[in-house]
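Chain by chain, the residues:
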Amino acid sequence: MKMTFQPKNRQEKKEHGFRKRMKTSAGRAILKARRTKGRAKLTA
């Protein structure tokens, strides 16, 4: 049996990356909220 998490760097960036977040108003709201909270990392 293999581990359940099989990471793919490209797919993670495509789905949760900064540029994807910036494309939608909802995504920009997420970034704004994370900046307000003071996150060290905004996106994956």
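Worth saying up front: this structure is predicted, and the values here are computed from it rather than measured. Each chain has its residues counted from 1, running along the sequence as written. Residue-level local features of this predicted model are given only where pLDDT is at least 70; pairs of side-chain atoms are given and counted only at 80 or more, and the full residue set underlies all totals for whole chains, interfaces and linings. As a rule here, side-chain values come from all non-hydrogen atoms in the structure, and water together with hydrogens is ignored.

K.L.:
Looking at this model, I keep getting lost on the overall build of the protein. Mind explaining?
P.N.:
Numbering of helices and strands runs from the N terminus, with a helix taken as a DSSP run of H or I at least four residues long and a strand as a DSSP run of E at least two residues long. When helices and strands are tallied, the protein shows three helices and zero strands. Written out in order from the N terminus, the α and β elements of the protein read α-α-α. Principal-axis analysis of the C-alpha atoms places the extent of the protein at approximately 40 × 20 × 15 Å. Carbon and sulfur atoms provide 55% of the accessible area of the protein, an area that totals close to 4,400 Å². Exposure was quantified through the Shrake-Rupley algorithm and a 1.4 Å probe, taking into account, for residues, occlusion by the shown protein chains and nothing else.

K.L.:
For this particular structure, what's the right way to read helix H3 (residues 25-37)?
P.N.:
Residues three or four positions apart in an α-helix share a direction because the helix packs 3.6 residues into each turn. The terminal C-alpha atoms of H3 lie 18 Å apart, and with 13 residues this matches the ideal 18 Å at 1.5 Å per residue to within 8%. Two residues or fewer after H3 comes Gly38, characterised by a positive phi angle close to 85°. Expected span of a helix, by definition, is 1.5 Å for each gap between consecutive residues, and there is one gap fewer than residues.

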